Structure formats: structure tokens, C-alpha cells
Amino acid sequence: MLLAEDQNHGGGGISNHDGPGVIDSIPIHPMGIKPLGNQYFADGPNARQYTGVVGQLPDEMILHLLEYLDATSLRKLASTCRFLYAFGQLDDLWKTLFIESGAPSEGKGPVWKGTWKATCLNLPVEARSRIDCGNIFSDVLHRPFACSHIALEKYASTIPASNEISRLENIAYDEFARNWSDTPFILTDCIRTWPVCHEWSIQHFHRQFSNVSFRAEAVDWPFSTYHEYMLENEDESPLYLFDRWFAEKMNIGTGSQDGSAYWAPGCFGSDLFEVLGAERPAHRWLIVGPARSGSTFHKDPNATSAWNAVIQGSKYWIMFPPSAQVPGVFVSEDSSEVTSPLSIAEWLLEFHAEARTIPGCIEGICKAGEILHVPSGWWHLVVNLEAGIALTQNFVPNSHLADVLSFLKNKPEQVTGFNKAINSPFELFVQRLEHDYPELLSQALEELERRSQRKKRKWEEAVGTKNEEANGNGGFSFGFAEEDEEEVP
């Protein structure tokens, strides 16, 4: 929760339940906005009093209504009073307007001016308004600023020993297949011979690939623009550069050929999706981002496993087994939709302490020169503790072939990354496996049949089908009592 503090200095604090008495110290909001609780200690007038009918609405509803305005309307409304002026400065509103405006995001790219509003409107520094909003008390307005200033290190530096992700120097494939394919772990001495570990840095990218356009969520920007954004932004959830075509754009080699910038570690064995050749789904990405950027809770696509190698910086990971109920994460019945808080910071504030007590929760920090294994189906949240670069790749190990086949067959509407021209990724994959790995395919299909039979037996036991067929009675039954029967209390 946001804590009320001295209304004269406008600071705020956020309770941190990971340690007794630990408070994230939040600096003064640049506009003087204070958390809602501070209004009970304020002497002077409250800006909300001068907003007319709009002031009767909850702040959440006001923000929702403003999301429907275009840039001109938002600027006009923000000029009507101090309270709405503060809403008109929320950068998330201007971020959405910038993305929806169709402003140039390729080629030369926009000139980043420090905020989404200034960038969207191309405002020079001298044209930016400065209005004191010290008599505005709102969690909706203060919370994004507070979340962008939480101390991430506190969450990453207090990991209970029982939750620590296993750290190994290196392992052989046989050991991985036998003991580790279902378990997250960090290898500390596996990728240090990669050329990228010695050559790549954010400054190197700025020098060598300044004009190369990369995908950063909803925009395609030259790295020069993204670099400026990294250096100066106050976003609660900074843009995360996540590009699948980086090797082609940067003209670098990958894999086992001479001169490659990096290659998949041998400890993970064969990637069975390689049988698809050019028809395989998207599987490798370059990741760049400032501190606080990252990914909220998700599972990797198509039931694949993954590795994530940190080239520069460090990342905090918190992970849960496939069947875990992650606090603050809500999954639809068919698992096609995952709903979680809007930002990583919000989840850390509200659910991190509770999550650490969930059986199976594991955490760790993956540092530069290290690589982390994400098993098929595992939930994970990852956040950059500092600006950095990473490479990640999804793969299908032998031990999880049945999981991937099951996903492709039974959840076709959730399959991602394949070319739209491929009507049935499952049939294509089976066809290629029959040619290259017939024995592995046979074993995986047999495993799918065993799983199907187990599910059938569990269902029959749940509804009492076996007992009813054998005895004509027994098992659970549901019905309405006759009018002359007594109900059992």
C-alpha cells in the first residue's frame, strides 16, 4: 500500500512485506502529487474540490475515460483545472497515443525527448509546463511514479536458502536428460567461450548497430533511439527490446559453423523442432532493456523449454512449477488467457511475500556470463536489475517431446510462432519426426496414450461410472428428493 507521509515534502513510502520494517523510500513526486492517505493530514484546499462533476468519479474511472481521448482533447481537458492537469501528464496515456498515432517508428525513428508526452507532441524542454500539484492526493496518479522507484535489489537480495535456484558450473547432456530436464538451474561456466560474451555491450550496440531497427514491444526503433530511451525514462514498465530477427539484421552467424557469434549449449541435447527447418516457429530472440524492464508471469510458447543467457547486466527470476497457483495470476479454464497486474513492480509489491511461501517457488539471479534453464510449462517472471543484454532460445528436448506434441494436438488455438500457411503444426511435426526420429516419436505417442488413459480412469472414478456398471448402484449420485422424503441435514 502507499503510505501517507509528511504532506509538506510530498514523499511516499511503499510497505515491503519481505522484511520487517523495510520500506522502499520513494523520492518526492516531480509535480508534488501525494498518496491518497496524505489528504487526511493536509490543512489547505484539496484540488479535487474544484473539478465539478468529474470530481465525484473515482480516480480509476476518470483515468479510464481519459483513455478514449485523442491528443488534442486530452490537452484541452488538462487545461481546465489543476486536478485534470495532473491526469493529463500521465505518461502511460501518451505512450498509448504515440503508438496508436502511427508516428514514424521505422527508418530514422522519432527523437526521444525524455517522456512519452514530449515525444508524442515533439515538445522542446522550454515548452513543457510546470504547475505545482502539491494539493492533489491520488494513488492512481502517485502509484506509477512510486512503482518506477521501488528498490528491486531488496526483492532479489533476500532470497530464502530453500528457494534458491540451483547453480552449477556445467553439466553433460546425459546428466541433464537424467536429472535436470524438469528443473530450473543456472550454469555459471557454460557460455563464457561465446564471442558475444567478450564483444557485446550496450555501448558496442550503440556504436555498431545505431541505425539498425529493432522491435521493442509495439515499436520498431533504430537502436540509437532505443538507447536514448534507455538512458532517460520514468516508465513503470519500460519498453523491452525483444527481437526475433536480430541475427539477420546484425548479419551475425549462429550455431556450429565457423565464425558464429554464439551457439546453443550442448548440455541441452538436440532441439527436435530443428526437423522443421525453415518451417519451425519463432525460437530465438535478442533481449535488451534498462533496469525494471522484463516480463510478467508467463509460460513459454508451445510447451517448449528455453534457455536464457545473460551477456551484460543481471536478471532476477522467480519461478513456479506448471501446476502451481501463482498469487496474483489468474488463468482462464483453458489456459488461453493469463491475467496479472499491469507491471512487475505492482506484482512485487502486492504478491511477492506471499509467493515465496508457495511450495515449489524458486528464485535466483542470473549474472553476466551465466545461462538459466526454463523447463517446459514452468511459470516465470523476470526483471532486469540493471541495464543489460541477453539471448534466449526455445527448444524441444527429448524428455519433453510428449508435452509439445500434446500441446500442438490438443490446444491448436494457442499454438504460436508458426507461419499462417501451416494448417496443422501437429501433423507437420509428426510427419518430420517419423522420418528423422521414428523411435522417439513412437515413445512420445505411447506416453500420450498412457496420459489419456490415466485421465479417463480419473474421470470414471470421479463420477462413479465403474461402480454403477458393476453393481448397479454405489458411487456418487445427485438428485432432488421426492416431496414425501425427508431431506438429510
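Before reading on, note that the structure itself is shown above.
All values derive from a computational prediction rather than experimental measurement.

A few points about unusual backbone geometry
In step 1: Non-glycine residue Glu217 carries a positive phi angle of around 55°.
In step 2: Structurally, the position occupied by Glu217 is in the loop between strand E6 (213-216) and strand E7 (219-222).
In step 3: Residue classification places Glu217 among the partly exposed residues on the basis of a relative accessible area of 41%.
In step 4: In this structure, Ala303 takes a positive phi of about 65° despite not being glycine.
In step 5: Summarising the element assignment, Ala303 is placed in the loop between strand E10 (294-298) and strand E11 (305-312).

Observations concerning the pattern of salt bridges
In step 1: Scanning the entire structure with this criterion turns up 14 salt bridges.
In step 2: The residue Glu370 makes a salt bridge to Arg167 at a minimum N-O spacing of 2.5 Å. Residue Glu370 is located in the loop between strand E15 (362-367) and strand E16 (371-374), and its partner Arg167 is located in strand E4 (residues 166-168); the two are separated by 203 residues in the primary sequence.
In step 3: Salt bridges sharing common partners tie together Asp403, Glu447, Arg450, Arg451 and Arg454.

With respect to helix H6 (residues 139-147)
In step 1: Burial analysis of H6 places 7 of its 9 residues in the buried class, the great majority of the element.
In step 2: Of the residues making up H6, those classed as buried are Val140, Leu141, His142, Arg143, Phe145, Ala146 and Cys147.

Comments concerning the packing of aromatic side chains
In step 1: Counted under the stated rule, the structure contains 32 aromatic pairs.
In step 2: Each ring, one from Trp112 and one from Trp221, has its centre 6.2 Å from the other, and the planes form 50°; the classification is tilted. Highlighted residues: Trp112 in the loop between helix H4 (91-100) and helix H5 (116-121) and Trp221 in strand E7, separated in sequence by 109 residues.
In step 3: The class of Trp112 is buried, set by a relative accessible area of 9%.
In step 4: With 4.9 Å between their ring centres and 65° between their planes, Phe297 and Trp347 make a pair best called edge-to-face. Within this pair, whereas Phe297 is found in strand E10, its partner Trp347 is found in helix H13 (residues 344-355), the two being separated by 50 residues in sequence.
In step 5: In this structure Trp347 comes out as buried when scored by relative accessible area, which is 2%.
In step 6: Chaining the aromatic ring pairs together yields one cluster made of Phe98, Trp112, Trp116, Trp200, Phe205, Phe209, Phe214, Trp221, Phe223, Tyr226 and Tyr229.

Cut-offs used in this document
- Residues numbered from 1 in each chain as written.
- Predicted model: local features only at pLDDT ≥ 70, side-chain atom pairs only at ≥ 80, totals over all residues.
- Heavy atoms only, no water.
- Helix = DSSP H or I, 4+ residues; strand = E, 2+ residues; numbered from the N terminus.
- Buried < 20%, exposed > 50% of the residue type's maximum accessible area, 1.4 Å probe, protein only.
- Salt bridge = Lys/Arg side-chain N within 4 Å of Asp/Glu carboxyl O.
- Phe/Tyr/Trp six-rings, centres within 6.5 Å; stacked < 30°, edge-to-face > 60°.

Purely geometric stuff here, so don't read any function into it on its own.
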